[in-house]
Amino acid sequence: MLDYNSESADYDRTRGGVPRAQAAASALDQLLPARSVILDLATGTGIVAAQLEALGHRVIGFDTSVGMLAHAAGRLPGRVMRADAAALPVTDGSVDVVTAIWLLHLLTDAEPVLTEVARVLRPGGLFLTTVDKHAASHAPQGMSEDSPRADGCARLTAVGARHHLHLAAATSFVGYGQARSGGAEPRYPILGFRLQAGSSG
Ligand SMILES: C[S@@+](CC[C@H](N)C(=O)[O-])C[C@H]1O[C@@H](n2cnc3c(N)ncnc32)[C@H](O)[C@@H]1O
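These figures come from a predicted structure and were not determined experimentally.

Overview of the site of the ligand
Here is step 1 of the chain: Around the ligand lies a shell of 20 residues, among which Arg20, Ala42, Asp63, Ala85 and Ile101 are the nearest.
Here is step 2 of the chain: Thr64 places a polar main-chain atom, nitrogen or oxygen, 3.5 Å from a nitrogen atom of the ligand.
Here is step 3 of the chain: Between the ligand and Ala85, the relevant distance is 2.9 Å, taken from a nitrogen atom to a main-chain nitrogen or oxygen of the residue.
Here is step 4 of the chain: For the ligand, whose accessible area on its own is 600 Å², the fraction buried by protein is 95%.
Here is step 5 of the chain: Elements with a contribution of two residues or more to the shell around the ligand: helix 1 (4–14) and helix 3 (47–54).

Some remarks on the nonpolar core
The tendency in soluble globular proteins is for nonpolar side chains to be buried side by side.
Here is step 1 of the chain: Membership of the largest hydrophobic core comes to 28 residues, with the highest contact counts inside it found for Leu41, Val98 and Phe127.
Here is step 2 of the chain: If you list the elements that add at least two residues to this core, you get strand 1 (37–41), strand 4 (95–100), helix 5 (111–120), strand 5 (121–130), helix 7 (153–162) and strand 7 (187–195).
Here is step 3 of the chain: When residues of this core are assigned to their parent elements, the largest contribution, five residues, is made by helix 5.
Here is step 4 of the chain: The contacts of Leu41, once residues within four sequence positions are left out, are Phe62, Ala85, Leu88, Val98, Thr99, Ala100, Ile101, Leu103, Val113 and Val117.
Here is step 5 of the chain: One finds Ile38, Ile47, Ala49 and Leu76 within the second-largest nonpolar core, a separate group that totals 26 residues.

Comments concerning the UniProt feature "domain: Methyltransferase type" (unreviewed entry) in the protein chain
Here is step 1 of the chain: Sequence positions flagged by UniProt for "domain: Methyltransferase type" (unreviewed entry) are, in local numbering, residues 39–128.
Here is step 2 of the chain: In residues 39–128, the share of helix is 31% and the share of strand is 29%. The end C-alpha atoms are 10 Å apart.

With respect to the packing of aromatic side chains
Each aromatic ring pair is described using two quantities: the centre-to-centre distance and the angle formed by the ring planes.
Here is step 1 of the chain: One pass over the full model with this rule turns up five aromatic pairs.
Here is step 2 of the chain: Ring geometry for Trp102 and Tyr188: centres 5.1 Å apart, planes at 75°, overall edge-to-face. Here Tyr188 lies in strand 7 and Trp102 lies in the loop between strand 4 and helix 5, a separation of 86 residues in the sequence.
Here is step 3 of the chain: Judged by its relative accessible area of 1%, Tyr188 falls in the buried class.
Here is step 4 of the chain: Each residue in the set Trp102, Phe173 and Tyr188 is aromatic and connected to the rest through ring pairs, giving one cluster.
Here is step 5 of the chain: Positioned over the ring face of Trp102 is Arg20, at 4.2 Å from the centre of the ring.
Here is step 6 of the chain: Here the basic side chain of Lys133 rests over the ring of Trp102, its NZ or CZ set 4.6 Å away from the ring centre.

Conventions used here
- Residues numbered from 1 in each chain as written.
- Predicted model: local features only at pLDDT ≥ 70, side-chain atom pairs only at ≥ 80, totals over all residues.
- Heavy atoms only, no water.
- Near = heavy atom within 4 Å.
- Polar contact = N/O pair within 3.5 Å; in protein donor to acceptor, adjacent residues only side chain to side chain.
- Areas by Shrake-Rupley, 256 points an atom, 1.4 Å probe, with all protein chains shown as cover.
- Helix = DSSP H or I, 4+ residues; strand = E, 2+ residues; numbered from the N terminus.
- Core = buried A, V, L, I, M, F, W, Y, C linked by side-chain atoms within 4.5 Å.
- Buried < 20%, exposed > 50% of the residue type's maximum accessible area, 1.4 Å probe, protein only.
- Contact = heavy atoms within 4.5 Å.
- UniProt positions renumbered as here; feature names shortened; annotations may be inferred.
- Phe/Tyr/Trp six-rings, centres within 6.5 Å; stacked < 30°, edge-to-face > 60°.
- Lys NZ or Arg CZ within 6 Å of the ring centre and 35° of its normal.

In structure tokens form, the structure reads like this:
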């Protein structure tokens, strides 16, 4: 995984800046109840979270990188915290919405994060996450696009079901600024999983 502490100063500029963040936030917004309170895993610099707030939602951001969180703190004052997405300092069944944009593709196994999401969501709550990021943005050199990925749609759907997280919605956003060598800007899929009502995760 990249060292996001040293990446933090250049992150927004090299990841499509506000246009990419606006596109991601509006795609999420299509699947969200109005004025949701959202727990954003891997919030990074908070650039997507800030756009969600501009759309009327309230966001609490978690990330493991102090460097990324230093930027997020300016965008979500008093509402960022250093925490691993697989070990959240959050009470069971207390959250309506969890988001994770561009997190799961970084992990070797997404299941610990899905387990934790299922624990913190209230029954009926929603988990929105990007899937198949590498396939969308063209596989990096030496990695085949069809090799198993932690954020693979089929795998996430199967793992989610084990934790009572069932596929409920899908959308996508344009990755402005993410085109490679003159190609088209990629479109990144987002899936929505709902925690089965009557489940305690
Ligand atoms: C590609 S950035 C995405 C940031 C933001 N969601 C966005 O779309 O701009 C990935 C972020 O995941 C964070 N991260 C990586 N592993 C994590 C983990 N286990 N728990 C929480 N954050 C993590 C990194 O520090 C980094 O800020």
